[in-house]
Number of protein chains: 2
Amino acid sequence: MPHTSPIQPIFAPDAIEAASLAIIDAEVPEPRPYDGPRWDVVRRLIHTTADFELLDLVRFSEGAVRAGIRAIETGATIVTDTEMARCAIPPRRLAPFGCAVRCFMNDPEVAAAAKAAGSTRAALAVDFALDLPGPLIFAIGNAPTALLRLISRIDGGAPAPALVVGMPVGFVNAAQSKALLMTRADVPWIAIAGRKGGSALAGATINALAILAGAETA
Amino acid sequence: MPHTSPIQPIFAPDAIEAASLAIIDAEVPEPRPYDGPRWDVVRRLIHTTADFELLDLVRFSEGAVRAGIRAIETGATIVTDTEMARCAIPPRRLAPFGCAVRCFMNDPEVAAAAKAAGSTRAALAVDFALDLPGPLIFAIGNAPTALLRLISRIDGGAPAPALVVGMPVGFVNAAQSKALLMTRADVPWIAIAGRKGGSALAGATINALAILAGAETA
């Protein structure tokens, strides 16, 4: 029978979260590769995955965290590329700011438009989102096609979003699409270099920014 | 400007998936640490996260894959511990078998019962799920409290589920709860040892089993 460590007597979700963040802080002693609000974001991504390799992979454009916080404070709409990422962002943290979280992937109009255009739902969902009023934050954790379409639309003159969280995961164009995003100086971005990423990480980045926004206004 | 690899001309979701699985196959040459249907499961978990460390961490009880496939083929209800894991399991793969995917975490009755019992919603959601008719598969990707409650209810005489996918992620009791699950011979389980896990992985495990079930009946 394998050795089983004793269960810690910590069961309330808030207490578990606080204990978890303290463990991560202790296991990544200063000087850390990120500091201030950037560490708050990266620490939450490690909390979401228990993957310390993220310490080498998370990248921020200059001012991206500030841009994300400000967008949330002004009621930005968060656009995700999967229902999973949408579900990763609990409304309780964003509702005080009037932010909605939208995902167009299962929208029947998007499916019809994708079919008509011979394109993917992920790409067309970006077009639908860009028509929304007000500031936008894109949280892309799955589809390189979505991130590529967003960059191409910005190149084509669409207004740059307030922030792009670029974290598609995988083996085909995920790393490439993120590398392309990270060359951009015309839009604030937070990204994970290489293949890793995912809906949980894209969602957790938004949650981290919402917590930072909440702390500012508290 | 960082070097940017060329974008691969592969954009259809099915083609991306096939190319991704082929890349993983090529990067993990035989003999692999898993074979047959176990490799189909582990490969999909790597596809979900791009995390090859899973090659050392995924564990199966004897016959667990077969038990999961059979449960899906008999229309089992899949119970998840988060909305995110529920969203990770698209209905299209399970609907042909009559399987529903349920999550009780946001059920108001669960919240009320948890408050009355001084317990967590995660634990009470397990109790509600155990009252469902028919075979059950638990897919737990977030809450060690849910997995611990499930084990404790089995110890207390509740009928063992058809399969437990035990993949809570994190720093407080995640590894411990999974280590406890992995000592059990009285219930089939698939688990990730240590801290890693998550809703995406728990969901991807169900998807892998559903694909295997579909291949059998195709």
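Now for a look at the structure at hand. As the structure is a computational prediction, the values presented were derived from the model and not from experiment. All residue numbers here refer to positions counted from 1 along the written sequence of the relevant chain. Each chain takes a letter, starting from A, and each ligand takes a number, starting from 1, following the order in which they are written. Only residues with pLDDT of 70 or above have their local features reported here, since the model is predicted, and side-chain atom pairs are shown and tallied only from 80 upward, although totals for entire chains, interfaces and linings are computed over all residues. Based on all heavy atoms of the structure, the side-chain values leave hydrogens and waters out of the count.

## Re the overall build of chain A
The number of helices and strands found in chain A is 10 helices and six strands. Oriented by its inertia axes, the alpha-carbon framework of chain A measures out at about 60 × 45 × 30 Å. Accessible surface area values rest on a Shrake-Rupley calculation with a 1.4 Å probe, where residue burial reflects the displayed protein chains alone. When the accessible surface of chain A is summed, it comes to about 9000 Å², and 55% of that surface belongs to carbon and sulfur atoms. Computed over 19 positive and 21 negative side-chain charges, the inter-centroid distance for chain A is 4 Å. Secondary structure counts use DSSP, requiring at least four H or I residues in a row for a helix and at least two E residues in a row for a strand, with both numbered from the N terminus. None of His or the chain ends enter the tally, which takes Lys and Arg as positive and Asp and Glu as negative. Charged groups are reduced to one reference atom each: NZ for lysine, CZ for arginine, CG for aspartic acid, CD for glutamic acid.

## Re helix H1 (residues 13-27) of chain A
Working rule for helices: expected span equals 1.5 Å times residues minus one. Between the first and last C-alpha of H1 of chain A there are 21 Å, a value that for 15 residues agrees with the 21 Å anticipated at 1.5 Å per step. When checking whether two residues touch, look at their non-hydrogen atoms; a contact exists if any pair is within 4.5 Å. The secondary structure elements touched by the buried residues of H1 of chain A are helix H2 (36-49) of chain A.

## So, the relation of the copies chain A and chain B
C-alpha atoms of residues with pLDDT of at least 70 in both copies form the basis for the least-squares superposition of the copies. Expressed as a screw transformation, the operator carrying chain A onto chain B has a rotation angle of 180° and an axial translation of 0.0 Å, and the superposed copies differ by an RMSD of 0.0 Å. Those values place the two copies in the arrangement expected of a two-fold rotation axis. Of the C-alpha atoms belonging to chain A, the one lying closest to the rotation axis is found on Met84 of chain A, 2.6 Å away. The residues that chain A uses at the interface reappear at the interface of chain B in 100% of cases, marking a shared surface.

## Quick word on the side chain of Asp51 of chain B
Along the chain, Asp51 of chain B falls in the loop between helix H2 (36-49) and strand S1 (58-60). Three labels apply to residues, based on accessible area from a 1.4 Å probe with only protein chains included: buried if under 20% of the type maximum, exposed if over 50%, partly exposed otherwise in between. Accessibility expressed as a relative area gives 7% for Asp51 of chain B, which makes it buried. Of note is the side chain of Asp51 of chain B, whose polar atom sits 3.0 Å from the backbone nitrogen of Glu53 of chain B. Other than its neighbours up to four places away in sequence, Asp51 of chain B contacts Asp51 and Lys196 of chain A together with Ile46 and Lys196 of chain B. For this analysis, a polar contact is any N or O atom pair within 3.5 Å, provided that within protein one partner can donate a hydrogen and the other can accept it, and provided that sequence-adjacent residues contribute only side-chain to side-chain pairs.

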